[in-house]
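If you want the building blocks of each chain, they are given just below.
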Protein chains: 2
Amino acid sequence: MHLIKTMITPFNDEYYMRAAFAEALKAFDAGEVPVGGVVVAGGKIIVRVHNLTETLNDVTAHAEMQAITAAANLLGGKYLNDCTLYITLEPCVMCAAALSLAQIGKVVFGTADEKRGYSLVSKNIMHPKTKISGGIMKDECAELMRDFFRRKR
Amino acid sequence: MHLIKTMITPFNDEYYMRAAFAEALKAFDAGEVPVGGVVVAGGKIIVRVHNLTETLNDVTAHAEMQAITAAANLLGGKYLNDCTLYITLEPCVMCAAALSLAQIGKVVFGTADEKRGYSLVSKNIMHPKTKISGGIMKDECAELMRDFFRRKR
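Residues numbered from 1 in each chain as written. Chains lettered and ligands numbered in written order. Predicted model: local features only at pLDDT ≥ 70, side-chain atom pairs only at ≥ 80, totals over all residues. Heavy atoms only, no water.

## Regarding the interface of chain B and chain A
How large an interface is tends to be reported as the accessible area lost when its parts come together. Listed as interface residues are 25 residues of chain B and, on the opposing side, 25 residues of chain A. Buried area between chain B and chain A, both sides added, is near 2000 Å², and the carbon and sulfur share of it is 68%. Among the residues of chain B in contact with chain A, V59(B), K78(B) and L101(B) are the three that bury the most area, contributing 33% of the side total. Here chain B and chain A share two salt bridges between them. The shortest N-O distance in the salt bridge between K78(B) and E54(A) comes to 2.5 Å. Scanning the region where chain B abuts chain A turns up 10 residue pairs in polar contact (both at pLDDT 80 or more). Counting residues per element, the ones that place at least two in the side of chain B that touches chain A are α3 (53–56), α4 (63–75) and α5 (93–101) of chain B. A total of five residues in the side of chain B that touches chain A trace back to one element, the largest contributor, which is α5(B). Partitioned by chemical class, the residues of the side of chain B that touches chain A number 13 nonpolar, eight polar and four charged. (Contact = heavy atoms within 4.5 Å. Buried area = accessible area lost by both parts, 1.4 Å probe. Salt bridge = Lys/Arg side-chain N within 4 Å of Asp/Glu carboxyl O. Polar contact = N/O pair within 3.5 Å; in protein donor to acceptor, adjacent residues only side chain to side chain. Helix = DSSP H or I, 4+ residues; strand = E, 2+ residues; numbered from the N terminus. Nonpolar A, V, L, I, M, F, W, Y, C, P; charged D, E, K, R; others polar.)

Put into structure tokens, the structure is as follows:
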């Protein structure tokens, strides 16, 4: 039994996105637009963040921006080539450009942002070497956003 | 004499850009890409910032990002509609998108950034209500950048 357990690794994209989603729920509970993320390096979650724009009264306090600052601080280097960011919502232009400056290795997002997603402006905002994938837990991530804005109305 | 002095106001674009340039010189002296800025509200300089990416080991520590956070903190609101940012270099995509999120009233930049300026990607990254002007002290601002990169080589 133990052997089988170690062979079936639970550390896949959905595992990490579930951790990002748990962060998004914290944002939701705090009245923030519910976006959460984690940074993974060497298979380990090294940073957990959620949107804090209302709490900090600062439009730059998106989860991704905090993720970059925190990961660079932890790793001791400003480039994040060996890191993957899991984020529940497609990054906006500001965050995509910041992730590009950080040369992040990979970005995995949950649901697309049909209003403010960076890809609506230009896919080239991300760094050419950054791998991008989307759609992990997209229904849950999208439903959380819809639920938030429904309650706001 | 006193009457004439008060009639000729020194508080024009060049006055504020000179303050931004003084910040850029601080960045230069610290080995940072020499970009400086000030935020003006009600004719007063309320924030002075310069690029700190090397010092803080953080790609998000551009002068403009610090300016937004500091001004919002000072003014007690995250929107900066009544503020003008004077910045020695045209903002990059990250900073232009952040300035858009902050709905800043006006951006006055010194020299254009021919490699990383936001306008190379899309002028629409800035908020449609934000007034933009460029070219104030552009020769000094451009020369400072050239001088910096010459020394780096």
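Okay, back to it.
## Focus on the packing of aromatic side chains
Scanning all chains against the criterion turns up 12 aromatic pairs over all chains. Ring centres of F11(A) and Y15(A) lie 4.7 Å apart, and the angle between their planes is 90°; this geometry places the pair in the edge-to-face category. Residue Y15(A) is classed as partly exposed on the basis of its relative accessible area of 36%. Relative to Y16(B), the ring of F11(B) lies with its centre 6.5 Å away and its plane at 25°, an arrangement referred to as stacked. Classification of Y16(B) as buried rests on a relative accessible area of 5%. Through a chain of ring-to-ring contacts, the aromatic side chains of F11(A), Y15(A), Y16(A) and Y86(A) assemble into a single cluster. (Phe/Tyr/Trp six-rings, centres within 6.5 Å; stacked < 30°, edge-to-face > 60°. Buried < 20%, exposed > 50% of the residue type's maximum accessible area, 1.4 Å probe, protein only.)

## A short note on the relation of the copies chain B and chain A
The two copies are related by a screw operation: chain B maps onto chain A through 180° of rotation and 0.0 Å of translation along the axis, at an RMSD of 0.0 Å. When the rotation and shift are considered jointly, the pair of chain copies conforms to a two-fold rotation axis. Considering only C-alpha atoms, the part of chain B nearest the rotation axis is M94(B), at 2.1 Å. When the interface residues of chain B are mapped onto chain A, 100% of them again fall at the interface, so both copies present the same face. (Least-squares fit on C-alpha atoms with pLDDT ≥ 70 in both.)

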